[in-house]
Amino acid sequence: MAAASVAIVGPTASGKTRRAVSVAAAIGGEIISADSRQVYRGMTLGTGKDLEEYGDVPYHLIDIADAGEKYNLHKYLRDFNQAYNDVLLRERVPVICGGSGMYVENAVRGVVMPEVPENKPLRESLEGKTLQELTALLSQYKTLHNTTDVDTVKRAVRAIEIQEYYRQHPEEAKLTEKGHSEPLDCVVVGVDIPREERRRRITLRLHERLENGMLDEVRGLLDSGISAEDLIYYGLEYKFLTLHLIGKLSYDEMVHDLEIAIHQFAKRQMTWFRGMETRGTKINWLPFDLDEAEFVSRVIGYMS
């Protein structure tokens, strides 16, 4: 029996979006994005939405939240399940596509997470603490596997807030650990790209996006009233371009530091995907430069 869905995953700049669109076009599919930043409206160049690549293939979970909002895994899983079931009801094939491994893994495993409300007294008690102090506090709750939890003060405070909620509600923490729905009937296919080629593409794409107006995009977000702190929260392009625009980094420093950060991010993505495999998710890796027709044929073969 054929699998009900397929996920195309890979690090940034691997060409996974183009591959996912080719697969979707061939099997009557619709793309469900698994990217933690492409959900935001107005954040297009910096998140690499590449919407022109979709052609006539429908897509979901892109441009569904306002820039400045704190979209999270709980909201993603809620929206993902709705989109996934909607695609199935219309007798189409969900094609999950993205590089946010945490989103992909939890969606495919069928994890359901409780929403963690804001804890104002806790937040007030943490005001004024440094990122180093917050990191130390968070490490008392859990082992820090995900460094993005402590990328900024805001992220660290939210991570502590979540862990404190689970400490006070152990029954919900157990649900989060185990999930309470069945894993998806989904084949996972990875785009395998050599490290040096990945690095070359990242550098090339960064300079292309800067030439295409990425700095104007971030400037426009700031001018629209979104705070610098909120944009820095999103990391990578929005963090470093904002730091440049508010005078904290020169242009050359911004480009240099951002390029390093994207390379490090891609490495973390691959670490997550390898971790998925050790945690029991089979990823069928295919070469990034495989002929398009052959790539699609192999994916269909995996699904059969």
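Remember, it's a predicted structure, so these values are computed and weren't measured experimentally.

**Observations concerning unusual backbone geometry**
Stage number 1. Within the chain, Ala13 stands out as a residue other than glycine whose phi angle is a positive 70°.
Stage number 2. Judged by relative accessible area, which is 11%, Ala13 ranks as buried.
Stage number 3. With a phi close to 60°, Asp63 is a non-glycine residue in the positive phi region.
Stage number 4. Structurally, Asp63 is set in the loop between strand 3 (59-60) and helix 2 (73-89).

**Section: the pattern of salt bridges**
Stage number 1. Applying the stated rule across the entire model yields 21 salt bridges.
Stage number 2. Ionic pairing is found between Arg41 and Asp66, a salt bridge with its closest N-O pair at 2.5 Å. Taken together, the residues Arg41 in the loop between strand 2 (29-33) and strand 3 and Asp66 in the loop between strand 3 and helix 2 connect sequence positions 25 residues apart.
Stage number 3. A relative accessible area of 38% means that Arg41 is categorised as partly exposed.
Stage number 4. Taking the shortest distance from any N to any O, the salt bridge between Glu105 and Arg279 comes out at 2.8 Å. Here the residue Glu105 occupies a position in helix 3 (residues 101-109), and Arg279 occupies one in the loop between helix 12 (251-278) and strand 6 (283-287), the gap between them amounting to 174 residues.
Stage number 5. Each of the salt bridges in this network shares a partner with another, and the network as a whole consists of Glu30, Asp86, Arg90 and Arg92.

**Looking at the environment of Val188**
Stage number 1. By the secondary structure assignment, Val188 is in strand 5 (residues 186-192).
Stage number 2. Along the backbone, Val188 and Arg158 are 30 residues apart, and their C-alpha atoms lie at a distance of 31 Å.
Stage number 3. Beyond its immediate sequence surroundings of up to four residues, Val188 is in contact with Ala7, Val9, Thr281, Lys282, Ile283 and Asn284.

**Concerning the pairing of strand 6**
Stage number 1. The buried count for strand 6 comes to 4 of 5 residues, which makes it a mostly enclosed element.
Stage number 2. By the bridge criterion, 5 bridges tie strand 5 to strand 6 in an arrangement that is parallel. Bridge pairing in strand 6 places Val191 opposite Leu286.

**A word on the side chain of Arg19**
Stage number 1. Relative to the helices and strands, Arg19 resides in helix 1 (residues 16-27).
Stage number 2. Here Arg19 sits buried without a salt bridge, and the closest side chain of opposite charge, Glu292, lies 5.5 Å off (N-O distance).
Stage number 3. If we skip the residues at most four places from it in the chain, Arg19 touches Ile8, Val191, Pro287, Phe288, Asp289, Leu290, Asp291, Glu292 and Phe295.

**As for the packing of helix 1 against helix 13 (residues 292-303)**
Stage number 1. Taken N-terminus to C-terminus, the directions of helix 1 and helix 13 make an angle of 65°; their axes are 10 Å apart at the nearest point. Helix 13 is crossed by helix 1, and the crossing has right-handed handedness. Note on element contacts: helix 13 touches helix 1 through Glu292, Phe295, Val296, Val299, Ile300 and Met303, opposite Arg18, Arg19, Ser22, Val23, Ala26 and Ile27.
Stage number 2. Of the residues contributing to the contact of helix 1 with helix 13, the split by class is 8 nonpolar, 1 polar and 3 charged.

**Some thoughts on the packing of helix 11 (residues 236-245) against helix 12**
Stage number 1. Contact geometry for helix 11 and helix 12: axes closest at 9 Å, N-to-C directions at 165°. When the axis of helix 11 is compared with that of helix 12, the two are roughly antiparallel. The hand of the helix 11/helix 12 crossing is right-handed. Across the interface between the two elements, Leu236, Glu237, Phe240, Leu241 and His244 from helix 11 touch Tyr251, Met254, Asp257, Leu258, Ala261, Ile262 and Phe265 from helix 12.
Stage number 2. Classifying every residue of the contact of helix 11 with helix 12 by side-chain character gives 9 nonpolar, 1 polar and 2 charged.

**Some details on helix 9 (residues 214-223)**
Stage number 1. Along helix 9, the residues classified as buried are Met214, Leu215, Glu217, Val218 and Leu221. Here the buried residues of helix 9 occupy an arc of 160° about the axis, which is enough to place them on one side. Turned more than 90 degrees away from the buried face of helix 9, the exposed residues are Asp216 and Asp223.
Stage number 2. Packed against the buried residues of helix 9 are helix 8 (195-211), helix 10 (228-233), helix 11 and helix 12.
Stage number 3. Following helix 9 by one or two positions, Gly225 has its phi on the positive side, about 110°.

**Regarding the state of the cysteines**
Stage number 1. Taken as a whole, this structure holds 0 disulfides when the rule is applied.
Stage number 2. There is no disulfide at Cys97, and the cysteine sulfur nearest it, in Cys186, is 12 Å away.
Stage number 3. On the basis of relative accessibility, which here comes to 16%, the residue Cys186 falls in the buried class.

How each quantity is defined
Residues numbered from 1 in each chain as written. Predicted model: local features only at pLDDT ≥ 70, side-chain atom pairs only at ≥ 80, totals over all residues. Heavy atoms only, no water. Buried < 20%, exposed > 50% of the residue type's maximum accessible area, 1.4 Å probe, protein only. Helix = DSSP H or I, 4+ residues; strand = E, 2+ residues; numbered from the N terminus. Salt bridge = Lys/Arg side-chain N within 4 Å of Asp/Glu carboxyl O. Contact = heavy atoms within 4.5 Å. Pairing = 2+ DSSP bridges. Lys, Arg positive; Asp, Glu negative; His and termini not counted. Axes fitted to C-alpha atoms, helices over the stretch in contact; angles between N-to-C directions. Left-handed = near helix turned anticlockwise from the far one by under 90°. Nonpolar A, V, L, I, M, F, W, Y, C, P; charged D, E, K, R; others polar. Parallel < 35°, antiparallel > 145°, perpendicular 65-115°, else oblique. Arc of directions from axis to C-beta. Disulfide = S-S within 2.5 Å.

These figures capture arrangement, not role.
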